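Observations on the model geometry
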Amino acid sequence: MAYYISNIARSKGDPKVIHSGPSSLGAADRMAKALGWFSIGLGIAELVAPERFTRALGMEGKEGLVRAYGVRELGHGIVSLSPDKHLGLWSRVAGDGLDIATLMTAMRHDNPKRDNVGIALAAVLGVTLLDIIGAQGVTARHSRPRGQPRSYRDRTGFPQGVQAARGAAKDFQVPPDMRAAPALAAVSDRAPQERARPH
């Protein structure tokens, strides 16, 4: 599916993507991506239908607050999908704390939807745990000690190995537009000699 989508945007003469190599995303990066999309989905739901949340939790009249939380979730999601994903995930952890505090205000004895609030609190606590795990994982994966250069010793320019690259260019044909290069080089070599000749 991804190959089909990427090929749609290509021009007529561009090469087509047949298959891609292994993903460079680690488990923490994939979790950040999933949590980012979860944030965006939740944010849209809170913006579009805040009354469903307030009715289910016995918090009628707080629709404006739910919409504000929806905007916040969209922000978390966008940053979690960006290169600064660690900031997005840590901001999600802070947002989870705010959600827990808000839900705790609805745990009053006179709230007929108190059971729903308990379920919502358990769900938010579970997501908070995932956010903390994801934030710690992404931070550990993409940070390095201050002043220490990044090491690329485990990388190579030969993805199939050096042996597979040996002799790969033996059938190489010099393109016609490059065959004129030696003639140009000879002309440029002669020019300084002609200028040096006394008249």
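Residues numbered from 1 in each chain as written. Predicted model: local features only at pLDDT ≥ 70, side-chain atom pairs only at ≥ 80, totals over all residues. Heavy atoms only, no water.

The name that an unreviewed UniProt entry assigns to the protein is Cyclase dehydrase, with the source organism given as Microvirga puerhi.

A word on the layout of surface pockets
Note the following rule: Put simply, the grid is 1 Å and covers the protein atoms alone, a cavity is a trapped set of points that fit a 1.4 Å probe, a pocket is an open set with protein on both sides within 12 Å along at least five of seven lines, and lining residues have an atom within 4 Å of a point. Grid points are joined across faces, edges and corners, and a volume is the space filled by probe spheres set on the points. Helix and strand definitions here come from DSSP, where helices need a minimum of 4 consecutive H or I residues and strands a minimum of 2 consecutive E residues; each element is numbered from the N-terminal end. Amino acid classes used here: Ala, Val, Leu, Ile, Met, Phe, Trp, Tyr, Cys and Pro are nonpolar; Asp, Glu, Lys and Arg are charged; the rest, including Gly, are polar.
Considered as a void within the structure, the largest pocket measures approximately 440 Å³ in volume. Surrounding the largest pocket, 20 residues form its lining, Glu 46, Phe 53, Asp 99, Leu 103 and Val 124 being those nearest its centre. Listed by contribution, the elements that provide at least two residues to the lining of the largest pocket are helix H2 (27–48), helix H3 (50–57), helix H4 (63–80), helix H5 (85–105) and helix H6 (114–142). Take the lining of the largest pocket: its biggest share by element is five residues, from H5. Per-class residue counts for the lining of the largest pocket are 13 nonpolar, one polar and six charged.

Concerning the nonpolar core
Convention followed: For the purposes of this section, nonpolar cores are sets of buried Ala, Val, Leu, Ile, Met, Phe, Trp, Tyr and Cys residues that join through side-chain atoms within 4.5 Å. Under the scheme applied here, a residue whose accessible area is under 20% of the maximum for its type counts as buried, over 50% as exposed, and between as partly exposed, the area being computed with a 1.4 Å probe on protein chains only. The contact criterion used is simple: two residues touch if any of their non-hydrogen atoms lie within 4.5 Å.
Listed in full, the eight residues of the largest apolar core are Leu 57, Met 59, Leu 103, Ala 106, Val 117, Ala 120, Leu 121 and Val 124. With four residues, the single largest contributor to this core is H6. Setting aside residues no more than four positions away along its own chain, Leu 121 makes contact with Ile 100, Leu 103, Met 104 and Met 107. In terms of nonpolar packing, the next biggest core, distinct from the first, is built from six residues, Ala 28, Ala 32, Ala 135 and Val 138 among them.

Description of the pattern of salt bridges
Just so we agree on the cut-off: Salt bridge, as used here, is a side-chain nitrogen of Lys or Arg placed within 4 Å of a carboxyl oxygen of Asp or Glu.
Throughout the structure, instances matching the rule amount to seven salt bridges. Among the salt bridges present, the one from Glu 73 reaches Arg 92, with a minimum N-O distance of 3.4 Å. With Glu 73 in helix H4 and Arg 92 in helix H5, the pair connects residues that are 19 residues apart, well separated along the chain. As far as the burial class goes, Glu 73 and Arg 92 line up, both buried. Where Asp 131 meets Arg 92, a salt bridge forms, and the shortest distance between an N and an O atom there is 2.8 Å. Here Asp 131, found in helix H6, pairs with Arg 92, found in helix H5; they are 39 residues apart in sequence, far enough to count as distant. In the salt-bridge network here, residues are joined through shared partners; they are Arg 72, Glu 73, Arg 92, Asp 99 and Asp 131.

Considering the packing of aromatic side chains
What counts, and what does not: Pairing of aromatic rings covers Phe, Tyr and Trp, the last through its six-membered ring, and needs centres within 6.5 Å; plane angles under 30 degrees mean stacked, over 60 mean edge-to-face, and all others mean tilted. Working rule: Lys NZ or Arg CZ, within 6 Å of ring centre, within 35 degrees of ring normal, means a charge sits over the ring.
One pass over the full model with this rule turns up zero aromatic pairs. A cation over a ring is seen here: Arg 72 above Tyr 69, with NZ or CZ 4.7 Å from the ring centre.

Describing H3
Selection criterion: Here the arc refers to the set of directions running from the helix axis out to each C-beta atom.
Taken together, the buried positions of H3 are Pro 50, Thr 54 and Leu 57. Seen end-on, H3 carries its buried residues on one side only, within an arc spanning 75°. As for H3, its buried residues are in contact with H2, H4, H5 and H6. Of the residues flanking the end of H3, it is Gly 58, one or two places downstream, whose phi is positive at about 65°.

Points about the UniProt feature "transmembrane region" (unreviewed entry) in the protein
Applicable threshold: UniProt positions are given in the numbering used here, feature names are shortened, and annotations may be inferred rather than shown by experiment.
Mapped onto the present numbering, the UniProt feature "transmembrane region" (unreviewed entry) falls at residues 117–138. With 100% helix and 0% strand, the stretch residues 117–138 has end C-alpha atoms that lie 31 Å from each other.

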